[in-house]
Amino acid sequence: MFHSGEAADSGVPPGGRIRHGRFFQLCAPSILSTLSTHSNPSTHSNPSTFSTDKQNDLQYVQDYKPQGEGLQLRILLYGTEAAGKSSFINSVDSVLQGRICTQAGVENVGRYGFTKRYKTYNFEKGNPDTFCSFVINDIMGLKSGSSRSRRVHVKDVKRAMKGNMRDSYTFNPEDKLSKEDRYYNANPTTNDKVHILVYVADANKVSLIDEKVVETILDIRDEAADLGIPQVAILTKIDEACPNIKGDIKNVYMSYDLKKKMETFSAKVGYPMNCIFPVKNYSSELNVDDETDALILNALRRMIDSGNDFLKTLPRQRN
C-alpha cells in the first residue's frame, strides 16, 4: 500500500532535429535494446529468466537509497489522457506488495483520464511504515485542445519539475499555477524537485499522436533538458497492441510488431530506442505474475538509476 534502425546514441531525435540547438539526455539501455528481427527465442523464453530478473530488480528497487540523509528520488509521469499513468503507479505498488493494488484512481478503458490533482505516491517495501526511497507523481493528462491549454500544460509541468507545485493542486486547463496560489511552493527543496521525467504512451496509439500533442511533448522535453532532468518513456498496453504478446508476454523479447511501434514512437517524439521501456500494467488481473513484474521492475530500475545520477548533482537540501 502507498499513501498520498535505432535512434542515434547522441539522443538527437531521428532525422537530426535538434530543437533550439539542445540535445536530449540519454539514459540506461532498455530491456529491448537488443531486440531485432533476428532475436533468438531461446535467449529469454525461459520463465526462470523472468523470475531471476524480477528478484534482482525487486531487491535493487527496495534497497535503493540516495546518498544523503533524508533524500528521496522523485519520478514525474506525464502523457496523454488514459495512457496508463495511474495504472503504472498501481502496477508498481502491486509488484512491491506482491498483490494487486488499486490505490491510484483509474478510469474505465476508453474513458478520459482520471487524474485532476497533483499527487505524490509513496510506496511501502512490503511491511507497514517502511517506505521506498523514491516517490512517483502523476499529472493531468495532455490533450490536443486549444493552444492556450497546451501552453498551460507545459508551464504546469515545468512548475512541477522545479518543485514549485504542492500536493493536491487542482489543475486548470486554462490557467497555470500562479505564484500567488497557496499551492505554489516558492522555496522548493531538493526533495520537492523532479529527478526523472517519464512520458507514458499507449502502444495502441503511437502512430495516432496528434501533431499538436507532439509539439507540446517536444516543448516539455526542452524544458526538462534546460533543467538537466533526464527523460525516459514507457510504452503501455503492449499486450493489447501486439497479439503475440497478448498470447504470451515472454514474446516481448521477440516481437517485431512491438519493435516497429517503438520505432514509430521514437521517430515522432525523439526518445532514443534505449530510453523506451515496454510494460504491461495490471488492469483486469486478480494476481501478479513474474513476467509482468519483471518488465515493470526493469523500467522502474532504469528510472531510478537515471534519476539518481541527476540527484547526485543537486545540493543536499532536504525537507
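Asker: Describe the overall build of the protein, listing the residues and the values that go with them.
Answerer: Looking only at helices and strands, the protein features nine helices and seven strands. Carbon and sulfur atoms provide 45% of the accessible area of the protein, an area that totals close to 14,000 Å².

Asker: Let's hear about the packing of aromatic side chains: which residues, and what values?
Answerer: Here the structure, examined in full by the defined rule, presents seven aromatic pairs. Between Y78 and Y199, the ring centres sit 5.0 Å apart and the planes meet at 75 degrees, which makes this aromatic pair edge-to-face. Placement of Y78 in strand 2 (residues 73-79) and of Y199 in strand 5 (residues 196-202) is noted, with a sequence separation of 121 residues between them. Centre to centre, the rings of F265 and Y271 are 5.9 Å apart; their planes meet at 10 degrees, and the pair counts as stacked.

Asker: Requested: an account of the pairing of strand 3 (residues 119-124), with residues and values cited.
Answerer: Relative to strand 4 (residues 131-138), strand 3 runs antiparallel, the two being bridged by five bridges. Paired with Y121 across the bridge in strand 4 is I136. The hairpin formed by strand 3 and strand 4 contains six residues between the paired strands, and G126 there has a positive phi angle of roughly 140 degrees.

Asker: Mind laying out unusual backbone geometry, listing which residues take part and the relevant values?
Answerer: Excluding glycine, most residues fall at negative phi; most peptide bonds, likewise, are trans. Positive phi outside glycine occurs at S168, with the angle close to 80 degrees. Residues other than glycine seldom take positive phi values, yet K237 does so here, at roughly 60 degrees.

Asker: Please give an account of the packing of helix 3 (residues 85-97) against helix 9 (residues 290-311) that cites residues and values.
Answerer: Helix-helix packing: each pair is described by the crossing angle between the helix axes and the interaxial distance. Taken N-terminus to C-terminus, the directions of helix 3 and helix 9 make an angle of 105 degrees; their axes are 10 Å apart at the nearest point. Considered as vectors, helix 3 and helix 9 are oriented roughly perpendicular to each other. Residues F88, S91, V92 and V95 of helix 3 lie in contact with helix 9, whose contacting residues are D293, I296, L297, L300 and M303. Of the residues contributing to the contact of helix 3 with helix 9, the split by class is seven nonpolar, one polar and one charged.

Asker: Requested: an account of the pairing of strand 2, with residues and values cited.
Answerer: In the case of a regular strand, side chains alternate between the two sheet surfaces. Judged by how many residues are buried, strand 2 sits mostly within the fold: seven of seven residues are covered. A two-sided burial pattern is seen for strand 2, the buried positions comprising L73, I75, L77 and G79 on one face and R74, L76 and Y78 on the other. Bridge analysis of strand 2 against strand 4 gives five bridges, and the strand direction is parallel. Pairing of L77 across the sheet is with D138, part of strand 4. As defined by bridge partners, strand 2 adjoins strand 5 across five bridges and the pair is classed as parallel. Across the sheet, G79 pairs through a bridge with V200, a residue of strand 5.

Asker: An account of helix 3 is requested, with residue identities and associated values reported.
Answerer: Over its 13 residues, helix 3 extends 19 Å from the first C-alpha to the last, a length consistent with the 18 Å expected when each residue adds 1.5 Å. Most of helix 3 is tucked away: 13 of the 13 residues are buried. Of the residues trailing helix 3, G98 is marked for its positive phi of about 75 degrees.

Asker: Any chance you could break down the confidence of the model for the protein for me, citing the residues and the numbers?
Answerer: Averaged over the protein, the pLDDT score is 83; the fraction of residues at 70 or greater is 79%. In the model, residues 1-47 has pLDDT below 50 throughout and makes 117 contacts with residues more than four positions away in sequence or in other chains. For the stretch residues 108-112, pLDDT sits under 50, and the model shows three contacts to residues farther than four places along the chain or on other chains.

Asker: Please provide a residue-by-residue account of the pattern of salt bridges, values included.
Answerer: One pass over the full model with this rule turns up 14 salt bridges. Residue D175 is joined to R148 by a salt bridge in which the shortest nitrogen-to-oxygen separation is 3.0 Å. Pair noted here: D175 is in the loop between helix 4 (147-161) and strand 5 and R148 is in helix 4, with a separation of 27 residues, a long-range link. Judged by its relative accessible area of 38%, D175 falls in the partly exposed class. The salt bridge partner of K237 is D202, with a shortest N-O separation of 3.4 Å. Of this pair, K237 sits in the loop between strand 6 (231-236) and helix 6 (238-241) while D202 sits in strand 5, and the two are 35 residues apart along the sequence. Here D202 falls in the buried class, since its relative accessible area comes to 7%.

Asker: How would you explain helix 8 (residues 256-269) if you had to name every residue and give the values?
Answerer: For helix 8, with 14 residues, the first-to-last C-alpha span of 20 Å sits near the 20 Å given by 1.5 Å per residue. Residues of helix 8 that are buried in the fold lie against strand 5, helix 5 (211-227), strand 6, helix 6, helix 7 (243-247) and strand 7 (276-278). Of the residues flanking the start of helix 8, the one acting as N-cap is S255, its side-chain oxygen 3.0 Å from the backbone nitrogen of L258. Looking at the residues trailing helix 8, positive phi occurs at G270, about 85 degrees.

Asker: Tell me about the environment of Y282, and please be specific about residues and values.
Answerer: Along the chain, Y282 turns up in the loop between strand 7 and helix 9. Relative accessible area serves as the criterion here: at 7%, Y282 is assigned to the buried category. Counting along the chain gives 182 residues from Y282 to I100, while the straight-line C-alpha distance between them is 7.5 Å. Setting aside chain neighbours within four positions, we find Y282 in contact with S91, S94, V95, I100, N287, V288, D289, T292, D293 and I296. Within the local environment of Y282, its side chain forms a polar contact with the backbone nitrogen of D289, the two atoms lying 2.9 Å apart.

Cut-off values and rules
- Residues numbered from 1 in each chain as written.
- Predicted model: local features only at pLDDT ≥ 70, side-chain atom pairs only at ≥ 80, totals over all residues.
- Heavy atoms only, no water.
- Helix = DSSP H or I, 4+ residues; strand = E, 2+ residues; numbered from the N terminus.
- Areas by Shrake-Rupley, 256 points an atom, 1.4 Å probe, with all protein chains shown as cover.
- Phe/Tyr/Trp six-rings, centres within 6.5 Å; stacked < 30°, edge-to-face > 60°.
- Pairing = 2+ DSSP bridges.
- Axes fitted to C-alpha atoms, helices over the stretch in contact; angles between N-to-C directions.
- Parallel < 35°, antiparallel > 145°, perpendicular 65-115°, else oblique.
- Contact = heavy atoms within 4.5 Å.
- Nonpolar A, V, L, I, M, F, W, Y, C, P; charged D, E, K, R; others polar.
- Buried < 20%, exposed > 50% of the residue type's maximum accessible area, 1.4 Å probe, protein only.
- Expected span 1.5 Å × (residues − 1).
- pLDDT = per-residue confidence, 0-100.
- Salt bridge = Lys/Arg side-chain N within 4 Å of Asp/Glu carboxyl O.
- Polar contact = N/O pair within 3.5 Å; in protein donor to acceptor, adjacent residues only side chain to side chain.

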